[in-house]
Amino acid sequence: MKILNLYAGIGGNRKLWGTEHEVTAIEFDAVTAEIYSNYFPNDNVIVTDAHEFLLDNYKEFDFIWSSPPCPTHSDIRRCGVHSGQYNALYPEMGLYQEIILLQNFALKRTKWVIENVMPYYDPLIQATKKLHRHLYWSNFTIGNYEVDKKERTHNKITGNSTVYGFNVSKTKIKNKRKALRNMVDPKLGKFILNCATGIREKQIINQVDIFDVLEKL
Ligand SMILES: C[S@@+](CC[C@H](N)C(=O)[O-])C[C@H]1O[C@@H](n2cnc3c(N)ncnc32)[C@H](O)[C@@H]1O
């Protein structure tokens, strides 16, 4: 399959997709893109704006995954504004622009999924699936997924941690901890690709507990 991996980060969601697919990854931070490239040397990694790339290229792919930035939608923002830690920001409407684009214009053969955090407001477009405090908008059915709360504690991650086999401690990435915490669990990334392609596997994901952070605010 031709796969488009938007807002690729260092590649958490991509890790278990294997080598049989032709993957194009879009990431606008050059250092992050280089780390992704080192982990996935066969992927075509492009340093550019994912939002614009999607608009120009959505017809070219069989499967599209998009992880638009979540900070302006996250409850962390809302709590941070109330505690005086952050300034209020307009929620980034790019998330909804991408959903509307793909809901209305994606080719029939293209399977797509957009993931984000559960927002602090009622989502403007109803999601297809909620999985452990994240929402997924997709044009295929995402099955149920069991969450293993024991394997990983999100707030214990430091810049030197190895998370899902990724270690960025020796890289020049600006915020190492954030890059690691941003990752989608690879097993969940694989599970969702399998849902798109109709492959069924029993999977368990690790808990990505963003609310651990909230409790500290
Ligand atoms: C939530 S992380 C992605 C995590 C990734 N899906 C994973 O599982 O590892 C979002 C990434 O999008 C990148 N990014 C933010 N805005 C972008 C844009 N407009 N175009 C391309 N990349 C962008 C950030 O640098 C960050 O690496």
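In this text the structure is predicted, and so the values were computed from the model without any measurement. (Residues numbered from 1 in each chain as written. Predicted model: local features only at pLDDT ≥ 70, side-chain atom pairs only at ≥ 80, totals over all residues. Heavy atoms only, no water.)

Comments concerning the pattern of salt bridges
To be explicit about the condition: The salt bridge criterion pairs a side-chain nitrogen of Lys or Arg with a carboxyl oxygen of Asp or Glu, the two atoms within 4 Å. Elements are defined by DSSP. Helices are runs of H or I of four residues or more, strands are runs of E of two residues or more, and each kind is numbered from the N terminus. Only protein chains enter the calculation, and the probe is 1.4 Å; a residue is then buried if its accessible area is under 20% of its type maximum, exposed if over 50%, and partly exposed in between.
Applying the stated criterion to the full structure yields three salt bridges. Here Asp43 and Arg14 are joined by a salt bridge, their closest N and O atoms 2.6 Å apart. Separated by 29 residues along the polypeptide, Asp43 in the loop between helix H1 (30-39) and strand E3 (44-46) and Arg14 in the loop between strand E1 (2-6) and strand E2 (22-26) bring together distant segments of the chain. Per residue, the accessibility class of Asp43 equals that of Arg14, and both read buried.

Some points on the packing of helix H2 (residues 50-57) against helix H4 (residues 94-105)
This is how the line gets drawn: Each axis is a line fitted through C-alpha atoms, taken for helices only over the stretch in contact, and angles between the N-to-C directions span 0 to 180 degrees. Throughout this description, any angle smaller than 35 degrees is read as roughly parallel, any larger than 145 degrees as roughly antiparallel, any in the 65 to 115 degree range as roughly perpendicular, and the remainder as oblique. In this description, contact between two residues means that some pair of their heavy atoms is separated by no more than 4.5 Å. By the convention adopted, Pro, Cys, Tyr, Trp, Phe, Met, Ile, Leu, Val and Ala count as nonpolar, Lys, Arg, Asp and Glu as charged, and the other residues, Gly among them, as polar.
Packing of H2 against H4 leaves a shortest axis separation of 11 Å and a crossing angle of 10°. In terms of axis orientation, H2 runs roughly parallel to H4. Across from His51, Leu54 and Leu55 in H2, the residues of H4 making contact are Gly94, Gln97, Glu98, Leu101 and Leu102. Each residue belonging to the contact of H2 with H4 can be placed in one class, and the counts come to four nonpolar, three polar and one charged.

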